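# Chains, contacts and geometry: an overview
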Amino acid sequence: MNKITFRISSNVYEKRSQTFFANTEKYDRGRTQKKIILEQTLKAFFQVLDDQGNAIRSATVYANGKNQGKTDQNGKIGFDYKDKEINKQIAVKAFKKGFEPRERSISLSPKTGKTYSFRLQAIEPIKISVLDDESDNAIADKKITINGKSYQTDAYGIVEYIPETNKGKLTYNYSGQDIMHYPASGSFDYSLSERFFEL
């Protein structure tokens with residue numbers, strides 16, 4: 001009994017390796033032939049851009065529920081799929097810190113090499129000004145908690161906070177441990193047009 005291994009490499013079809021066992025002493029040409037069935041491999045590209053059309057490097061891309069890795073210097077990353085998956089709808093999500101994540105459903109093309117673009121909108125920082133109730137003067141070096149994280153105002157009484165999205169709600173609180181000011185807490189809604197708040 002001899003062992004015969006076939007290794008097939010192709011730019012179009014999947015790479016396969018398969019082993020058969022054959023009795024060369026009792027070889028019968030008329031017997032049923034062994035077959036190796038190959039599936040065609042196609043490739044899609046996902047390109048992640050900012051809202052100005054510039055490539056975003058090192059953005060993370062999830063496709064079909066799996067982490068595909070990070071984009072290259074051109075904002076691109078490849079995704080391989082089989083010919084039996086043509087026209088299949090899959091969910092693709094792209095995200096990077098400092099940008100709003102983007103998710104969309106795409107249909108896998110019968111044509112290999114198609115590029116799908118994802119535009120991410122930059123997240124603008126929110127500025128919070130802490131003022132004295134009586135004088136309206138800025139309160140420097142004031143400790144304030146925003147969405148559970150601790151910050152401290154700068155010399156101008158400002159805290160700059162970067163949220164995870166461009167629209168949402170923030171909660172805040174600060175103590176009255178500096179004697180001169182009462183503790184306070186509350187919340188406010190922010191949006192793309194509302195990025196500055198006074199407390």
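Overview of the structure. (Residues numbered from 1 in each chain as written. Predicted model: local features only at pLDDT ≥ 70, side-chain atom pairs only at ≥ 80, totals over all residues. Heavy atoms only, no water.)

## A closer look at the overall build of the protein chain
- In terms of regular secondary structure, the protein chain is built from zero helices and 16 strands.
- Within the protein chain, the proportion of its 199 residues that are buried is 29%.
- Across the protein chain, the fraction of contacts at a sequence separation of at least 24, relative to all contacts at a separation of at least 6, is 51%.
- For the protein chain, the exposed surface amounts to about 13,600 Å²; the carbon and sulfur share of it is 45%. (Helix = DSSP H or I, 4+ residues; strand = E, 2+ residues; numbered from the N terminus. Buried < 20%, exposed > 50% of the residue type's maximum accessible area, 1.4 Å probe, protein only. Contact = heavy atoms within 4.5 Å. Areas by Shrake-Rupley, 256 points an atom, 1.4 Å probe, with all protein chains shown as cover.)

## Brief notes about the packing of aromatic side chains
- Going through the model one piece at a time under the given rule, you end up with eight aromatic pairs.
- Note on F79 and Y81: the rings are 6.3 Å apart at their centroids and 20° apart in plane angle, and the pair reads as stacked.
- Residue classification places Y81 among the buried residues on the basis of a relative accessible area of 2%.
- Among the aromatic residues, those joined into a cluster by ring pairs are F46, F79, Y81, Y116 and F118.
- Above the ring of F45, the side-chain terminus of K76 is found at 5.6 Å from the ring centroid. (Phe/Tyr/Trp six-rings, centres within 6.5 Å; stacked < 30°, edge-to-face > 60°. Lys NZ or Arg CZ within 6 Å of the ring centre and 35° of its normal.)

## Focus on the pattern of salt bridges
- Evaluation of the coordinates by the stated rule reveals three salt bridges.
- With its nearest N and O atoms 2.8 Å apart, the salt bridge here joins D80 to K43. Taken together, the residues D80 in strand 6 (residues 76-82) and K43 in strand 3 (residues 41-50) connect sequence positions 37 residues apart.
- For D80, a relative accessible area of 46% corresponds to the partly exposed category.
- One salt bridge in this structure joins K88 and E85, with 3.8 Å as the shortest N-O distance. (Salt bridge = Lys/Arg side-chain N within 4 Å of Asp/Glu carboxyl O.)

## Some words on unusual backbone geometry
- Within the chain, D141 stands out as a residue other than glycine whose phi angle is a positive 55°.
- One non-glycine residue, N147, lies in the positive phi region at around 50°.

## A word on the sheet that holds strand 11 (residues 143-146)
- Within the open sheet, the four strands sit side by side as 12-11-14-15. Their pairing is antiparallel. In the strand order of this sheet, the two ends are held by strand 12 (149-152) and strand 15 (184-190), each with one partner. If you compare each strand with its neighbour and ignore which way they point, the axes differ by 30° on average.
- The pairing of strand 14 (residues 168-174) with strand 15 spans seven bridges and is classified as antiparallel. Following the sheet pairing, Y172 is matched in strand 15 by G186. (Pairing = 2+ DSSP bridges. Axes fitted to C-alpha atoms, helices over the stretch in contact; angles between N-to-C directions.)

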